[in-house]
Amino acid sequence: MRISVAGGKGGTGKTLVAVCLTEYLAGYNTFLLDADVEEPDAGLFFYSGPEQCNEVHCLVSKINLDKCNLCDDCAKGCQFNGLVIMPGKVLLFPELCHSCMSCYWLCSQVAIFRQNYTVGNIGEAPLSNVSTLVTGRLKVGEARAVPVIHAVKAKKRVADWEIIDCPPGTSCSIIEAIKGTDYCLLVTEPTPFGRHDLALAIEVTRLMQVPAGIVVNRWQGEDGGIDLLANENGIPILARIPYDIKLAQVYSEGQNPYRELPWLNQLMAQIVAGVKGESKC
C-alpha cells in the first residue's frame, strides 16, 4: 500500500508522521520515500546502512551552431525562456528547460538535438532487514523538482508499504508526489494558516481523486476550525498528536521520536487502522 504524507504548508509535521509510520511498520517490507527533494531530512532520524546513489537526468536542448541560422523560431516557441537568440550567438539556460522539446520540433535547420542533464540524485539505504530509505535530492540551484520526485517513486519495488514524505505546498511537486498513491495523510496544525493551507491541500486530493484523512499535529484541545473543515469536505480526522515539549525537544535534537516517546506507537496504530478502514486497498 502506498501512502503519501502531505500538507498545505511547511512545518506541520509531515516528516514526523512519515518517520513514525515507517518505524511502526518496521516488521513489514516497508519503504520510506523522502520526496521532499529540496530539503530531504527523513534520514536524519535513522542510523541507515551504506547508501547507493544514482543520478537523475532529464533531456535538455543543445544547439549545433554550425547548422543554426539564428532564425529565432526556437526561442519564440519556448514558454520558459530557456533560449535567447542574440546577434551571432545563442544562449541556452538548461535550468529553465522543461524538456518539452518544442524547440527541437520547431527547428527547420535540424540544428537542435537532445542531451541528458543532471537534475539531482537518489540515494537508497537499508534501515533494517526489511525497511529501506529512499532519498531524492535536487541539485543545488536546480528549479525542477518534479523529475527527481518522479524518479524516487518510479522504481519498481516489492513492498508491503510505501510511505512518501511529500514536499510542502500545492504546486507541481506535491501533485507529482501524491499522484498514484492509495491514500493521502494531510498533516496540519490547529492555526489559521494551517486551516487555510489544509483547504488547498484537500482540493488537490479531490482533483486527483486520492482518498484523504487528516492528522492534527501540536493539538492543545482545540482544532482551530479543522474539525469544521473536515466535516464540510467529508474527510475524517484520523488522529491528533498532542503538543508536547518533550516531543519538540527530541525532534529538534535529531533523535528518533518514535523510539524516544512510546506513546506515539498508539497514535500510529490509530492512523494505520484509519487508513485501512478508509481506503479501498
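Note that the coordinates shown come from a computational prediction; the quantities given were computed from them, not determined experimentally. (Residues numbered from 1 in each chain as written. Predicted model: local features only at pLDDT ≥ 70, side-chain atom pairs only at ≥ 80, totals over all residues. Heavy atoms only, no water.)

Turning our eyes to something else, we now look at the overall build of the chain. Helix and strand counts for the chain come out as ten helices and eleven strands. With the principal axes as the frame, the chain shows a C-alpha extent of 70 × 45 × 35 Å. Taking all 281 residues of the chain together, the buried fraction comes to 46%. Here the analysis covers contacts within the chain between residues at least 6 apart in sequence; of these, 74% occur between residues at least 24 apart. When the accessible surface of the chain is split by element, carbon and sulfur atoms take 53% of a total near 13,900 Å². With 24 positive and 30 negative side-chain charges, the chain shows a separation of 6 Å between the mean positions of the two kinds. (Helix = DSSP H or I, 4+ residues; strand = E, 2+ residues; numbered from the N terminus. Buried < 20%, exposed > 50% of the residue type's maximum accessible area, 1.4 Å probe, protein only. Contact = heavy atoms within 4.5 Å. Areas by Shrake-Rupley, 256 points an atom, 1.4 Å probe, with all protein chains shown as cover. Lys, Arg positive; Asp, Glu negative; His and termini not counted. Charge placed at Lys NZ, Arg CZ, Asp CG, Glu CD.)

For the rest of this paragraph, the subject is unusual backbone geometry. For L70, which is not glycine, the phi dihedral falls at a positive 60°. If you trace the backbone, L70 turns up in the loop between β3 (52-63) and α2 (73-77). Exposure remark for L70: the relative accessible area of 33% places this residue in the partly exposed category. Unlike most non-glycine residues, M101 shows phi in positive territory, near 65°. Assignment of secondary structure puts M101 in the loop between β5 (89-92) and α3 (102-106).

What follows is about the sheet that holds strand β10 (residues 212-219). Taken in spatial order, the nine strands line up as β3-β6-β7-β2-β8-β1-β9-β10-β11 in an open sheet, and their pairing is mixed. Across the chains shown, the open sheet's two edge strands, defined by having one partner strand only, are β3 and β11 (237-242). Between one strand and the next, the sheet's axes are offset by a mean angle of 20°, whatever the strand orientation. Helix-sheet contacts for helix α6 (residues 192-208) involve β9 (183-188) and β10, and the interaxial angle to β9 is about 170°. With respect to the sheet, helix α10 (residues 264-278) is in contact with β1 (2-6), β8 (161-165), β9, β10 and β11, its orientation differing from that of β11 by roughly 165°. (Pairing = 2+ DSSP bridges. Axes fitted to C-alpha atoms, helices over the stretch in contact; angles between N-to-C directions.)

This brings us to the state of the cysteines. Applying the stated rule across the entire model yields zero disulfides. Free cysteine C100: the closest other cysteine sulfur is in C78, separated by 6.0 Å. With no disulfide of its own, C172 lies 14 Å from the sulfur of C100, the closest cysteine sulfur. (Disulfide = S-S within 2.5 Å.)

Going through the model one piece at a time under the given rule, you end up with two aromatic pairs. Ring centres 4.9 Å apart and planes at 85° place the aromatic pair Y104 and W105 in the edge-to-face group. We classify Y104 as partly exposed; its relative accessible area is 26%. Taking NZ or CZ as reference, R114 lies 4.2 Å from the ring centre of Y104, over its face. A cation sits over an aromatic face here: R240 above W219, 5.7 Å from the ring centre. (Phe/Tyr/Trp six-rings, centres within 6.5 Å; stacked < 30°, edge-to-face > 60°. Lys NZ or Arg CZ within 6 Å of the ring centre and 35° of its normal.)

Here we come to the environment of W161. Structurally, W161 can be placed in strand β8. When the C-alpha atoms of W161 and P94 are compared, they prove to be 36 Å apart, with 67 residues separating the residues in sequence. Residues in contact with W161, not counting those within four places in the same chain, are M1, I3, L25, Y28, N29, T30, F31, V272 and K276.

Glancing now at the nonpolar core. Core analysis: the largest hydrophobic core is formed by 37 residues, its most contacted members being I178, L186 and I214. Sorting elements by how many residues they give to this core places α6 first, with four residues. (Core = buried A, V, L, I, M, F, W, Y, C linked by side-chain atoms within 4.5 Å.)

What follows concerns the environment of C103. Assignment of secondary structure puts C103 in helix α3. On the basis of relative accessible area, C103 is assigned to the buried category, the value being 5%. C-alpha separation for the pair C103 and A143, spaced 40 residues apart in sequence, amounts to 20 Å. Discounting chain neighbours no more than four positions away, the residues touching C103 are S61, C74, L83 and I112.

Take it as geometry only, folks, not as evidence of what the structure does.
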